[in-house]
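# Overview (structure and organization)
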Amino acid sequence: MSNNFNELHAAEAFVQVMNTGSFAAAAKLRGENPSSVSRAIAQLESHLGVRLLNRTTRNLRITEAGTTYLRYVRELLEHQQAVRDALLELRSGTPKGLVRLSVPVVVGEHILAKYLGEFHQQYPEVNLQIDLSNRNAQLVEEGIDLALRFGVLADSSLRARRVSTIWRRMYASPAYLQAHGIPKTPKDLIGHQCIAFSQRGDVKEWEFWPKAGGVSQKHKVDSWLTCSSPMMVVNAIASGLGVGRSAPWMVKQALGNGEVVEILSDWHCDDPQQGGLPMYIVFPPGPSAQVPLKSRVVAEFLENVLLREFGVERSVK
């Protein structure tokens with residue numbers, strides 16, 4: 001094998017062949033001849049001592065060894081690009097590179113999406129990869145640079161910046177209340193049809209704190225509908241299917257249309273001693289000083305969007 005063999009160069013060619021499905025397409029992408037790409041992969045196979053691809057005149061089939069190599073080499077190349085991006089940032093002082101962001105579906109679709117053009121105009125050299133999910137993504141394992149989280153943080157190793165506080169409230173539709181009566185206290189919810197938000201489907205009780213002060217109350221939740229979509233909860237409440245908890249910003253339109261009304265307004269749905277339901281921007285473990293500039297500007301932009309658009313309540317009302 002030639003002493004000029006470059007494994008990373010060949011690995012990039014292999015990944016691009018697998019991404020595009022052919023030597024010709026990969027070669028066009030790389031600005032090379034198909035024969036050069038084929039030769040690079042043949043040299044890579046010789047260097048590794050395994051066959052990565054089975055070639056015929058009509059198609060390519062990846063081998064078991066090729067599948068294993070592809071999985072790891074993709075991670076290697078991503079890390080290499082991250083290093084390049086970090087060095088470019090240091091030299092230029094300009095945010096550059098890919099940032100992987102995880103946010104709840106409703107936040108991404110209903111709030112963040114309309115601000116992405118503004119972000120791109122402000123930071124044209126930062127690329128965003130946004131994971132919309134109501135689950136808590138594993139930042140380290142999934143290569144997530146930052147995420148938005150609501151509630152108490154289960155992982156104490158994460159670096160977290162508390163953005164603000166949400167005070168959830170109880171809502172129902174006028175039609176539901178006319179048919180089932182208006183609950184005056186949390187205890188009155190027993191026997192009502194409750195609609196619960198949960199990522200795991202294990203909601204068993206709701207806790208309430210009197211705004212006038214005093215001991216909290218916990219009551220069993222007879223939730224005939226439990227779902228991981230907070231917007232589905234709002235829509236179900238507005239459709240007269242039951243009572244449920246939500247953040248005021250999420251029911252703003254339904255309130256304006258008269259589709260829902262607030263109930264149990266003398267009670268908190270979140271612990272006032274903890275300051276309500278906290279909202280955090282979280283980063284993977286490690287020193288704060290090592291957060292890349294590109295991640296810092298995304299976090300700052302996200303925080304500004306949340307405070308501008310959510311109508312987040314920063315104090316008890």
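Right above here is the structure, for reference.
Below you will find a few notes about this structure. (Residues numbered from 1 in each chain as written. Predicted model: local features only at pLDDT ≥ 70, side-chain atom pairs only at ≥ 80, totals over all residues. Heavy atoms only, no water.)

### Let's talk about unusual backbone geometry
Of note, the phi angle at L264 is positive, near 50 degrees, even though the residue is not glycine. Checked against the element boundaries, L264 lands in the loop between β13 (261-263) and β14 (267-268). Relative accessible area serves as the criterion here: at 8%, L264 is assigned to the buried category. (Helix = DSSP H or I, 4+ residues; strand = E, 2+ residues; numbered from the N terminus. Buried < 20%, exposed > 50% of the residue type's maximum accessible area, 1.4 Å probe, protein only.)

### As for the sheet that holds strand β4 (residues 126-132)
Pairing is mixed across the open sheet formed by 5 strands, whose spatial order is β4-β3-β5-β15-β6. Each edge of the sheet is formed by a strand with only one pairing partner; in this case those strands are β4 and β6 (159-166). Along the sheet, successive strands turn relative to each other by an average axial angle of 20 degrees, direction set aside. With 7 bridges joining them, β6 and strand β15 (residues 277-283) adopt antiparallel strand pairing. Paired with T165 across the bridge in β15 is P278. (Pairing = 2+ DSSP bridges. Axes fitted to C-alpha atoms, helices over the stretch in contact; angles between N-to-C directions.)

### Re the pattern of salt bridges
As enumerated under the stated definition, the model contains 8 salt bridges in all. Among the salt bridges present, the one from R55 reaches E45, with a minimum N-O distance of 3.2 Å. In this pair, R55 sits in strand β1 (residues 53-55) while E45 sits in helix α3 (residues 34-48), placing the two residues 10 residues apart along the sequence. Residue classification places R55 among the partly exposed positions, given a relative accessible area of 30%. When its relative accessible area of 9% is taken as the criterion, E45 is described as buried. Between K218 and E205 there is a salt bridge whose closest N-O contact spans 3.9 Å. Taken together, the positions of K218 in strand β10 (residues 217-220) and E205 in strand β9 (residues 205-210) put the pair 13 residues apart, joining distant regions of the chain. For E205, a relative accessible area of 44% gives the class partly exposed. (Salt bridge = Lys/Arg side-chain N within 4 Å of Asp/Glu carboxyl O.)

### Considerations on helix α9 (residues 230-238)
For an α-helix, the turn length of 3.6 residues means that residues three or four places apart are oriented alike. Listed as buried for α9 are P230, M231, V233, V234, A236 and I237. Buried-residue contacts for α9 involve α5 (105-110), β7 (169-172), β8 (194-197), β11 (223-227) and β12 (243-246). At the exit of α9 stands G240, carrying a positive phi of roughly 80 degrees. (Contact = heavy atoms within 4.5 Å.)

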